[in-house]
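Observations on the model geometry
This is what each chain is made of:
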Amino acid sequence: MGPSPTTQKERFARGSLAGLLAGILATLIMLLLSLTIGGVSLPEALGSAIAQFLPLPLFDYLHQTLGGDAKHYLFYIILVGQCLVFALFGGLCNLLIDRLKFGQWRDEQGDLQYSVGLMLAFVLWLFTGLIFLPLTGSGIFGAQLSTGVMSTMLSLAITGIAYGLLFIFMHNWLTWRALKASANADLETDATFLDKQQQRRAFLRNGIVVVGLSALGVAAWRFIVGAASGGSGATTRDPQLQSSLVDKYQAKISPPPVPNYGEVQSVADLSSEITSNDKFYGVSKNLASDPTVDGGSWSLSVDGLVAQPFSLTYKELTALPTHEQYETLMCISNEVGGEYMSNARWEGIALKDLLQKAGDIKPGATKVVLHAADNYSDSIHLSKALEPTTMVAIKMNGQTLPSAHGYPARLLVPGIYGMKHVKWITHIEIVNTDYKGYWQQNGWSDPAPVKMTSRIDTPRDGTKVTANKPTYIAGVAFSGNKGISQVEVSLDGGKQWQKAVLKRPLSALTWVLWEVPWQPQAGNHSIIVRAIDLQGNVQTPQIASPLPDGSSGYHTVSVNAS
Ligand SMILES: Nc1nc2c(c(=O)[nH]1)N[C@H]1C(S)=C(S)[C@@H](COP(=O)(O)O)O[C@H]1N2
Ligand SMILES: [Mo]
């Protein structure tokens, strides 16, 4: 046995370990570049492709078990996968490099030349740009991404070169360590030398096992923690109760109930009527990082089937007349009783005013498409676009629209799920086709009207309350742009319903806070809530999961009073 790795296995193992270490560092560099100068993020590109092509039932299952965190797990798994691919590249490189006859790649000690690293970088660069990215639907060198071809090429080159050079460094360092170890071993007996060899191999194997297991462990831990905290979104769990609710269901009450407006006591855990910007729920398709748009160079173009296409700078947009409105947003993937619902005071320009600036709309136009800086898009019907409450918002609760919520501008389209409230808008296009947006290509509803929902904020599910002490059952109810006329609570499995007091809502487009005083007797209690809109439509007890057009069913919490 010589000092440098001689067997194929040893070469592959050393190359893989060097590749893994270099790959972890290169991956960090890639993420850093993507966060700072807007370089390409390969895990992001692959993750989007996977999310797009995942069969719907599997997507729905993952969404239900993992909730909104699903995309983060996907991202972590892909990150680990990327590091393993880097390891594989390193192993193969170390195995195959000596077969290239047109050069001297190694010195007598077994060290690799740095030119090998640059070659490796070039091969990886071509592979990702010409094969990997096109396969994920991102185009040659990310031509389809908002990142742009130039930054993609550049950031891939930096990442690749960093990987290549680090790989050589790690490889040679591992060789040097092995040399040192075998030099020591030469002084000892053959038996101990063999031991050392075995130890080294065991060390390699253990290293890989440890990395793999810790990744799995982190994923499992997050899974458990996520599942435990996601327990608020529960409908009735008792099938008998559920079928009796469905049997007794009366879809419409006419005339509609007169709202019982009054004073709602502030109790712990009841949502505040206006959600502060930092507490407002956030959802986006982007796995790792949302776009940060520079307002100075940003512009918004309005074109398509209009007489006079135009575009506006941020300054020009914000100089237009604005109006204010309160509106609650809810994500279409919100479970019954879920947290993806918030309320804010928005300020912006009516979309119809912007469209008017573009002159006559050409005959045949049917839809308005909103394109965004993160390659997201969605469409609304022209009639919806012309409603006075459909706006391009630039402020949220009196502040400039925060980056996470769509700076410089986002769409608000009341009555429709959050999905169509396109953030980071760059381009508004009037079309005569039945355009399908990002989520519609995944099977989610296109009209996507908000389904009426009500949520018990307090008491929380599975908690203990004090028996015989006066308290409140309270929460929120929301029905898009249809308003709420009544909220009812049942403590006896839906036989009797008690009317809640409603806080007069801030607008016709927001949720309503509701409350029922309660003095629980000792024992277990199951609390069910339902709402009725201003037209007399009663919330449906039929249980539906979010895919494809929003969840339904009655939110139910169980508590023990003692
Ligand atoms: N550009 C862009 N806009 C987007 C999304 C996105 O991924 N990209 N996600 C949509 C979804 S699914 C929802 S629920 C809302 C959430 O808005 P918020 O994060 O301000 O609450 O934004 C919508 N607008
Ligand atoms: Mo959403």
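Basis of the calculations
- Residues numbered from 1 in each chain as written.
- Chains lettered and ligands numbered in written order.
- Predicted model: local features only at pLDDT ≥ 70, side-chain atom pairs only at ≥ 80, totals over all residues.
- Heavy atoms only, no water.
- UniProt positions renumbered as here; feature names shortened; annotations may be inferred.
- Pairing = 2+ DSSP bridges.
- Helix = DSSP H or I, 4+ residues; strand = E, 2+ residues; numbered from the N terminus.
- Salt bridge = Lys/Arg side-chain N within 4 Å of Asp/Glu carboxyl O.
- Buried < 20%, exposed > 50% of the residue type's maximum accessible area, 1.4 Å probe, protein only.
- Phe/Tyr/Trp six-rings, centres within 6.5 Å; stacked < 30°, edge-to-face > 60°.
- Lys NZ or Arg CZ within 6 Å of the ring centre and 35° of its normal.
- Arc of directions from axis to C-beta.
- Contact = heavy atoms within 4.5 Å.
- Polar contact = N/O pair within 3.5 Å; in protein donor to acceptor, adjacent residues only side chain to side chain.
- Near = heavy atom within 4 Å.
- Areas by Shrake-Rupley, 256 points an atom, 1.4 Å probe, with all protein chains shown as cover.
- Nonpolar A, V, L, I, M, F, W, Y, C, P; charged D, E, K, R; others polar.

- By the naming in an unreviewed UniProt entry, the protein is Molybdopterin-binding oxidoreductase, taken from Dictyobacter vulcani.
- According to its UniProt record, the protein has this under Cofactor (unreviewed entry): "Mo-molybdopterin".

**Points about the sheet that holds strand β19 (residues 556–561)**
- The five strands lie next to each other as β12-β19-β18-β14-β15, forming an open sheet whose pairing is mixed. Among the strands making up the open sheet, the edge pair consists of β12 (464–465) and β15 (498–499).
- Strand direction decides the pairing type here: strand β14 (residues 484–490) and β15, joined by two bridges, are antiparallel. Across the sheet, residue Val 489 finds its bridge partner in β15, namely Gln 498.

**Some details on the pattern of salt bridges**
- By the definition in use, this model includes 15 salt bridges.
- Residue Asp 434 pairs with Lys 367 through a salt bridge whose shortest N-O separation is 2.9 Å. Highlighted residues: Asp 434 in the loop between β10 (425–431) and β11 (453–458) and Lys 367 in strand β5 (residues 367–372), separated in sequence by 67 residues.
- A relative accessible area of 49% places Asp 434 in the partly exposed class.
- In this structure Lys 367 comes out as buried when scored by relative accessible area, which is 1%.
- Between Lys 384 and Glu 387 there is a salt bridge whose closest N-O contact spans 2.9 Å.
- Taken together, the shared-partner salt bridges connect Lys 367, Asp 378, Lys 420, Asp 434, Lys 436 and Asp 446 into one network.

**Topic: the packing of aromatic side chains**
- Scanning all chains against the criterion turns up 15 aromatic pairs.
- Both rings, one in Phe 280 and one in Tyr 281, keep their centres 5.6 Å apart while their planes meet at 20 degrees; by these two values the pair is stacked. We note that Phe 280, like Tyr 281, is buried.
- Through successive ring pairs, a cluster of aromatic residues spans Phe 280, Tyr 281, Tyr 340 and Trp 346.
- Sitting above the plane of the Trp 497 ring, Arg 530 keeps its charged end 4.0 Å from the centroid.

**What to know about the pairing of strand β18 (residues 523–533)**
- Counting buried positions along β18 yields eight of eleven residues, so the element is predominantly enclosed.
- The pairing of β14 with β18 spans six bridges and is classified as antiparallel. Following the sheet pairing, Gln 486 is matched in β18 by Ile 532.
- For β18 and β19, the ladder comprises six bridges, and the chain directions are antiparallel. Counterpart to His 525 in the pairing with β19 is Val 559.

**Looking at helix α8 (residues 239–247)**
- The complete set of buried residues in α8 reads Leu 241, Gln 242 and Leu 245. Projected down its long axis, α8 carries its buried residues within an arc of 100 degrees, all on one side. Projecting away from the buried face of α8 at angles above 90 degrees are the exposed residues Pro 239, Gln 240 and Asp 247.
- Summarising the contacts, the buried residues of α8 are in contact with β18.
- Capping the start of α8 is the job of one residue whose side-chain oxygen sits 2.9 Å from the backbone nitrogen of Gln 240: Asp 238.

**So, the site of ligand 1**
- With respect to spatial proximity, 19 residues lie near ligand 1, and among them Tyr 281, Lys 285, His 405, Arg 410 and Lys 423 are the closest.
- Val 283 places a polar main-chain atom, nitrogen or oxygen, 3.0 Å from an oxygen atom of ligand 1.
- A distance of 2.7 Å separates an oxygen atom of ligand 1 from a polar atom in the side chain of Arg 410.
- For ligand 1, whose free accessible area comes to 540 Å², the fraction covered by protein is 99%.
- Grouping the amino acids of the shell around ligand 1 by side-chain chemistry returns ten nonpolar, five polar and four charged.

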